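Structural overview
Residues per chain are reported as follows:
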Amino acid sequence: MPKLIQFDGTNLYCDGVPANVSNEIISSHDKNKIQSRPIILYGIGTIGLCVLKEFEYAGIPIVAVCDSHKTEFYSDGTIRPVVPLPEALTKYPDAYVLIVSMAFYDEIASTVQAYLPKDRILDIRELASELPDATGLIYRDYVIEHLDAFNWLAEHLEDDLSREVLQGVLLGRINREPSCFSRISSSCPYFTSDIVQLREEETFVDGGAYIGDTIADFLKESKGNFRKIFSFEPSKGHCDQIRSTYANLIAQDRLALFQNGLWSCRKSFRLIEDDAGSYLATNPHKEGFVVETAALDDCITEPVSFIKMDIESSELHALQGAQHLIRKYRPILTICVYHKKEDLLEIPAYIHSLQPGYRYYLRHHSNRAYETVFYAIPEERVKHN
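Residues numbered from 1 in each chain as written. Predicted model: local features only at pLDDT ≥ 70, side-chain atom pairs only at ≥ 80, totals over all residues. Heavy atoms only, no water.

Right, let's talk about the side chain of Arg-163 for a bit. By the secondary structure assignment, Arg-163 is in helix H8 (residues 160–175). Within the local environment of Arg-163, its side chain forms a polar contact with the backbone oxygen of Leu-157, the two atoms lying 2.8 Å apart. (Helix = DSSP H or I, 4+ residues; strand = E, 2+ residues; numbered from the N terminus. Polar contact = N/O pair within 3.5 Å; in protein donor to acceptor, adjacent residues only side chain to side chain.)

Hydrogen bonds between backbone atoms are what pair the strands of a sheet, whose relative direction is either parallel or antiparallel. In spatial order, the strands read S12-S11-S10-S17-S18-S20-S19; together these seven strands make up an open sheet with mixed pairing. Edge positions in the sheet fall to strand S12 (255–258) and strand S19 (358–364), since each of these pairs with one other strand and no more. Each adjacent strand pair in this sheet contributes to an overall mean axis angle of 10°, direction not counted. (Pairing = 2+ DSSP bridges. Axes fitted to C-alpha atoms, helices over the stretch in contact; angles between N-to-C directions.)

Here the focus is unusual backbone geometry. One non-glycine residue with positive phi stands out, namely Tyr-210, at about 55°. For Tyr-210, a relative accessible area of 42% corresponds to the partly exposed category. At Asp-253, a position not held by glycine, the phi torsion is positive, near 60°. Structurally, the position occupied by Asp-253 is in the loop between helix H12 (247–251) and S12. (Buried < 20%, exposed > 50% of the residue type's maximum accessible area, 1.4 Å probe, protein only.)

Taken together, three strands build an open sheet; the order of strands is S1-S2-S3 and the sheet is antiparallel. Edge positions in the sheet fall to strand S1 (5–7) and strand S3 (17–18), since each has one partner strand and no second. Pairing analysis gives two bridges linking strand S2 (residues 12–14) to S3, with the strands arranged antiparallel. For Cys-14, the partnering residue across the bridge sits in S3 and is Val-17.

Summed over the entire model, instances satisfying the criterion amount to 14 salt bridges. Among the ionic pairs, Asp-160 bridges to Arg-163, the shortest N-O distance being 2.8 Å. Taken together, the positions of Asp-160 and Arg-163, both in helix H8 and three residues apart, correspond to about one turn of that helix. Judged by relative accessible area, Asp-160 falls into the exposed class, the value being 61%. Members of the salt-bridge network, linked through shared partners, are Asp-159, Asp-194 and Arg-363. (Salt bridge = Lys/Arg side-chain N within 4 Å of Asp/Glu carboxyl O.)

Formed by 56 residues in total, the largest nonpolar core has its most connected members in Leu-296, Leu-344 and Ile-351. The residues contacting Leu-344, other than those within four sequence positions of it, are Tyr-139, Phe-150, Leu-153, Leu-166, Val-169, Leu-170, Val-337 and Leu-362. Ranked by size, the runner-up nonpolar core spans 25 residues in total, among them Phe-204, Cys-239, Leu-255 and Phe-306. (Core = buried A, V, L, I, M, F, W, Y, C linked by side-chain atoms within 4.5 Å. Contact = heavy atoms within 4.5 Å.)

In total, this model carries 12 aromatic pairs according to the counting rule given. Here the aromatic rings of Phe-204 and Phe-306 are separated by 5.2 Å at their centres, their planes lie at 80°, and the arrangement is edge-to-face. Here Phe-204, found in strand S10 (residues 202–207), pairs with Phe-306, found in strand S17 (residues 306–309); they are 102 residues apart in sequence, far enough to count as distant. Neither residue differs from the other here; Phe-204 and Phe-306 are each classed as buried. (Phe/Tyr/Trp six-rings, centres within 6.5 Å; stacked < 30°, edge-to-face > 60°.)

Before going further, it helps to examine the packing of helix H7 (residues 147–156) against helix H16 (residues 343–354). For the pair H7 and H16, the least separation of the axes is 10 Å and the interaxial angle reads 55°. Taken together, the axes of H7 and H16 are oblique relative to one another. As H7 packs across H16, the resulting crossing turns out to be left-handed. Residues Ala-149, Phe-150, Trp-152, Leu-153 and His-156 of H7 pack against Leu-344, Leu-345, Pro-348, Ala-349 and His-352 of H16. Here the residues of the contact of H7 with H16 sort into eight nonpolar, two polar and no charged. (Parallel < 35°, antiparallel > 145°, perpendicular 65-115°, else oblique. Left-handed = near helix turned anticlockwise from the far one by under 90°. Nonpolar A, V, L, I, M, F, W, Y, C, P; charged D, E, K, R; others polar.)

What follows concerns helix H10 (residues 213–222). All buried positions along H10 are accounted for by Thr-214, Ile-215, Phe-218 and Ser-222. Along H10, the residues classed as buried sweep out an arc of 105° about the axis, all on the same side. On the buried face of H10, the contacting elements are S10, strand S11 (226–232), helix H11 (236–245), S12 and S17. Lys-223 sits one or two positions beyond H10 and adopts a positive phi of about 55°. (Arc of directions from axis to C-beta.)

Do not read the predicted coordinates in detail wherever pLDDT is low. In the predicted model, the protein carries a mean pLDDT of 87, and 87% of its residues have values of at least 70. Segment residues 129–133: pLDDT under 50, and 18 contacts once partners within four positions in sequence are set aside and those in other chains are kept. (pLDDT = per-residue confidence, 0-100.)

Attention now goes to the packing of H7 against H8. Look at H7 against H8: their axes get within 9 Å of each other, and the N-to-C directions meet at 150°. Judged by the inter-axis angle, H7 sits roughly antiparallel to H8. Contact residues: Phe-150, Leu-153 and Ala-154 in H7; Arg-163, Leu-166 and Leu-170 in H8. Partitioned by chemical class, the residues of the contact of H7 with H8 number five nonpolar, no polar and one charged.

On to the environment of Glu-164, then. Along the chain, Glu-164 falls in helix H8. The exposure class assigned to Glu-164 is partly exposed, which follows from its relative accessible area of 34%. Between the alpha carbons of Glu-164 and Leu-362 there is a distance of 9.0 Å; along the sequence they are 198 residues apart. Residues within four places of Glu-164 in sequence aside, it is in contact with Arg-183 and Ile-184.

This part is about empty space enclosed by the protein. With the rule as written, the count across this model stands at one cavity of 30 Å³ or more. Lining the largest cavity are 10 residues, and of these Tyr-139, Arg-173, Val-337, Tyr-338 and Leu-344 sit closest to its centre. Of the residues in the lining of the largest cavity, the class split is six nonpolar, one polar and three charged. (1 Å grid on protein atoms, 1.4 Å probe; cavity = no way out; pocket = protein on both sides within 12 Å on 5 of 7 lines; lining within 4 Å. Points joined across faces, edges and corners; volume = space filled by probe spheres on them.)

Listed below in structure tokens is the structure:
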């Protein structure tokens, strides 16, 4: 069987379809406009780094990088400086400022407007139809560098639909083509009916419970026939909402709620709200509220049969903290693999190293580059349609 992903030294193909990247991540009109001036990039978080690299590929020079909370950043093997906005504008008085932030756009814009008129302040959300977070040339380079690992994943997926999903995710991310995601999108994440069949007396672990939306789905799919739910959510406000919504289950000792993030061990982090989503940071100088993490192996001493994780790029660490439960009880695993580009490879490989007796599936549950879920089903629980 030919390999799903092939690279001939120049061109990358996913199941025979070219994975080509257009340099035009913005319209020709806007590209011409900003190429006529120096560009100062304001915001060098996750997406800012991607935008910087994409603009360099497109031949659009970034003359300076500014950020309210950083003095330097790491890119292409080099530590590069972050400069104060007044200094950058003194050196480049005709520059445009491109703000690369969703969560803090208004705050940054109010700062920049003290120095520039509005028509010289650009918003990446208006210039790019799809924010280039782990997409485009960056993702293409990553796939080429890890070609064998991606083909290992393709070969170990259990059904043709999983391989179709993998192809759609890769083409959608590399070519920035939303139709690739809508073509492969399916409903009911974590409990998709063609893969997962719940049984009575299920013990369900909800990693990243948010406000209890997955608990609601589990109750619906299980028809209330389950043994217990273990729920983990670091936000106090979200935990309070879960306590209120599911007070009866907590009173019956059928729902155990932990106000913790999941990690490989107990540790203190700051929860950071980034443009690409929230994440745990160890840097004490980062802004954000302190949360405590826990390892599933330390919190649960009874058999579990189903573990779900959607924890904003901490999934691999949390799996490392659940290795005893996975090895001993072989639970169904439904793990998000879209928060970092590495997750789609590293998470399946780690699960395979822990417990080879699984069948692997991949599904995608949105019309954008989010909600890709890896399903590891114990051989004895594979659903036969």
